[in-house]
Amino acid sequence: MLSVIIPAYNEEQNIALAAETLTGLFESENISNEIIFVDDGSKDKTYLEICRAAEKSDNVKGVSFSRNFGKESAIFAGLEEASGDCAVVFDCDLQFPPVKIIEMYRLWEKGYEVIEGVKSDRGGGSLMYNMFAKTFYKIMSRFVGVDMQSTSDFKLIDRKVIDALLSLPERNTFFRALSFWSGFNSTQVEFKVEKRANGTSKWNLTKLTKYAVSNITSFTTAPLQLITVIGSILLCFMAILAVQTLARYLCGSSAEGFTTVILLLLLIGGSLMLALGVIGYYIARIYEEVKGRPRYIVSRRVGKK
Ligand code: UDP
Ligand code: MG
């Protein structure tokens, strides 16, 4: 059986559309399936729509979070709920072409365990959004060591991978990169990002920045190593300056006045604070993980267990 996981945040207009499109598609292809909607604490009638869809067809079920926990949590809640032999993560706004699921499913039948959906181009989105996404993925690719430029959350994963991901003890996860990290026998399927069916994108610049920073720090310690590198460079620079200053002092023409002192103080103070900030961020991460709070809280559920 195939489980389709659909995170939904304020998507009341898209639920029925997504459920009908997918159900019809799977029926025509004769694939046994379940569709799991995860209502990520929506403020509109998303949950009501999910209940309606669940009433209409048996293959639809839904869970609802007590508040907005973010897409990442929604994906993991979906994985937890999934009882299929494989699962695919799908966006509620139908930006991923549904027929690609069939293509992925056929590849899974051939024995692949991770089938990555790869964007052939980024559809929609403002210029700024696209620029931001590009920069973020460049940094991420460098850190993770895999090309993340065109990855998406659109993936089909085998039961083995689902169980492996669910067994990870960490709370701050990054689904997109974790499927690379987990290894397994993987392949790719290219797809074109469609225009959003209804409504608007849930991301804004603050949300995206937070998402980017939290994903980088939850996946890699490279920023910490960067501090060491910058520190070493500064140290070399200071050594040269020290020699030069001493030499001039001995020659009787010492460096002039406060300007140099103030500049150096600012440089050292600034870089120290920046470094402390980065370290602080990692400590905050540790703090969050150590608290061991759940990734999400389910308040309601609908459909057959
Ligand atoms: N989403 C979610 N929680 C959030 C934000 C988004 O579950 O806090 C869902 C949203 O309902 C959609 C998917 O994640 O199904 C992708 O969101 P969106 O279309 O806004 O992002 P974009 O396609 O612009 O990257
Ligand atoms: Mg979208």
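Just so we're clear, the structure is a prediction, and the values are computed from it rather than from any experiment.

## Remarks on the site of ligand 1
With respect to spatial proximity, 18 residues lie near ligand 1, and among them Glu-11, Asp-40, Asp-93, Gln-95 and Lys-202 are the closest. Here Asp-93 contributes a side-chain N or O atom positioned 2.5 Å from an oxygen atom of ligand 1. At a separation of 2.5 Å, an oxygen atom of ligand 1 approaches a polar side-chain atom of Gln-95. Compared with its free state, where it exposes 530 Å², ligand 1 has 92% of that area covered by protein.

## Some details on the confidence of the model for the protein
On average, residues of the protein carry a pLDDT of 85, and 94% of them reach 70 or more. The secondary-structure element of the protein with the lowest mean pLDDT is helix H5 (residues 127-144), recorded at 74, while strand S4 (residues 86-89) shows the highest, at 94.

## Notes on unusual backbone geometry
The phi dihedral of Leu-94 falls on the positive side, at around 60°, and the residue is not glycine. The residue Leu-94 is located in the loop between S4 and helix H4 (99-109) in this model. A residue is classified by how much of its surface remains accessible, and Leu-94, at 13% relative accessible area, is buried. In this structure, Phe-184 takes a positive phi of about 70° despite not being glycine. Note on placement: Phe-184 falls in the loop between helix H7 (175-181) and strand S7 (186-192). For Phe-184, a relative accessible area of 35% puts it in the partly exposed group.

## Remarks on a nonpolar patch on the surface
A cluster of nonpolar side chains, namely Leu-235, Phe-237, Met-238, Leu-267, Ile-268 and Leu-272, defines an oily patch on the protein surface of about 540 Å² accessible area. At the level of secondary structure, the elements contributing two or more residues to the nonpolar patch comprise helix H9 (222-250) and helix H10 (257-291). On the secondary structure map, Leu-272 appears in helix H10. We classify Leu-272 as exposed; its relative accessible area is 53%.

## Brief notes about the nonpolar core
With 37 residues, the main nonpolar core has Leu-2, Val-4, Phe-37, Phe-90 and Leu-156 as its most contacted residues. For this core, the elements supplying multiple residues, two or more each, are strand S1 (2-8), helix H1 (15-29), strand S2 (33-39), helix H2 (46-56), S4, H4, strand S6 (151-158) and S7. Those residues in contact with Val-4 that sit more than four places away from it in its chain are Leu-22, Phe-26, Glu-34, Ile-35, Ile-36, Val-88 and Phe-90. Phe-76, Val-114, Leu-165 and Phe-175 belong to the second largest nonpolar core, which has 14 residues in total.

## Quick notes on the coordination of the magnesium ion (ligand 2)
Ligation of the magnesium ion (ligand 2) by protein atoms is provided by Asp-93 (OD) and Gln-95 (OE1), these donors lying 1.9 Å from the ion. Of the two residues examined, Asp-93 and Gln-95, each falls in the buried class.

## Some words on the packing of H9 against H10
Contact geometry of H9 with H10 gives a least axis separation of 10 Å together with a crossing angle of 165°. With respect to each other, H9 and H10 are oriented roughly antiparallel. The chirality of how H9 crosses H10 is left-handed. Every residue of H10 that contacts H9 at Ala-222, Pro-223, Leu-224, Ile-227, Leu-234, Phe-237, Met-238 and Leu-241 is listed here: Leu-264, Leu-267, Ile-268, Ser-271, Ala-275, Val-278, Ile-279 and Tyr-282.

## Comments concerning the packing of aromatic side chains
On inspection of all chains with the given rule, the structure shows 8 aromatic pairs. Relative to Phe-191, the ring of Phe-96 has its centre 5.3 Å away and its plane inclined at 75°; by these criteria the two rings are edge-to-face. Pair noted here: Phe-96 is in the loop between S4 and H4 and Phe-191 is in strand S7, with a separation of 95 residues, a long-range link. For the pair formed by Phe-96 and Phe-191, the shared burial category is buried. Ring geometry for Tyr-105 and Trp-108: centres 5.4 Å apart, planes at 35°, overall tilted. Of this pair, Tyr-105 and Trp-108 both sit in helix H4, 3 residues apart, roughly one helical turn. Residue Tyr-105 shares its accessibility class with Trp-108, and that shared class is buried. Between Arg-295 and the ring centre of Phe-76, over which it is positioned, the NZ or CZ distance is 4.3 Å. Above the face of the Tyr-47 ring, Arg-300 is positioned so that its terminal group lies 4.2 Å from the ring centre.

## Describing the pattern of salt bridges
Once the charged atoms of two side chains with opposite charge are near each other, the side chains can pair. Under the counting rule described, the total for this entry stands at 14 salt bridges. The partner of Lys-71 in a salt bridge is Asp-91, and the shortest N-O contact between them spans 2.9 Å. Of this pair, Lys-71 sits in helix H3 (residues 71-81) while Asp-91 is found in the loop between S4 and H4, placing the two residues 20 residues apart along the sequence. A relative accessible area of 13% means that Asp-91 is categorised as buried. As a salt-bridge pair, Asp-153 and Arg-176 come within 3.1 Å of each other at their nearest N and O atoms. Highlighted residues: Asp-153 in strand S6 and Arg-176 in helix H7, separated in sequence by 23 residues. Side by side, Asp-153 and Arg-176 carry an identical accessibility label, which is buried. Taken together, the salt bridges that share partners define one network made up of Lys-71, Asp-91, Asp-153 and Arg-176.

Criteria and thresholds
- Residues numbered from 1 in each chain as written.
- Chains lettered and ligands numbered in written order.
- Predicted model: local features only at pLDDT ≥ 70, side-chain atom pairs only at ≥ 80, totals over all residues.
- Heavy atoms only, no water.
- Near = heavy atom within 4 Å.
- Polar contact = N/O pair within 3.5 Å; in protein donor to acceptor, adjacent residues only side chain to side chain.
- Areas by Shrake-Rupley, 256 points an atom, 1.4 Å probe, with all protein chains shown as cover.
- pLDDT = per-residue confidence, 0-100.
- Helix = DSSP H or I, 4+ residues; strand = E, 2+ residues; numbered from the N terminus.
- Buried < 20%, exposed > 50% of the residue type's maximum accessible area, 1.4 Å probe, protein only.
- Patch = residues over 30% accessible without salt bridge, like charges linked within 9 Å, V, L, I, M, F, W, Y side chains within 5 Å.
- Salt bridge = Lys/Arg side-chain N within 4 Å of Asp/Glu carboxyl O.
- Core = buried A, V, L, I, M, F, W, Y, C linked by side-chain atoms within 4.5 Å.
- Contact = heavy atoms within 4.5 Å.
- Donors = N, O, S within 2.8 Å, 3.2 Å for Na, K, Ca; no water.
- Axes fitted to C-alpha atoms, helices over the stretch in contact; angles between N-to-C directions.
- Parallel < 35°, antiparallel > 145°, perpendicular 65-115°, else oblique.
- Left-handed = near helix turned anticlockwise from the far one by under 90°.
- Phe/Tyr/Trp six-rings, centres within 6.5 Å; stacked < 30°, edge-to-face > 60°.
- Lys NZ or Arg CZ within 6 Å of the ring centre and 35° of its normal.

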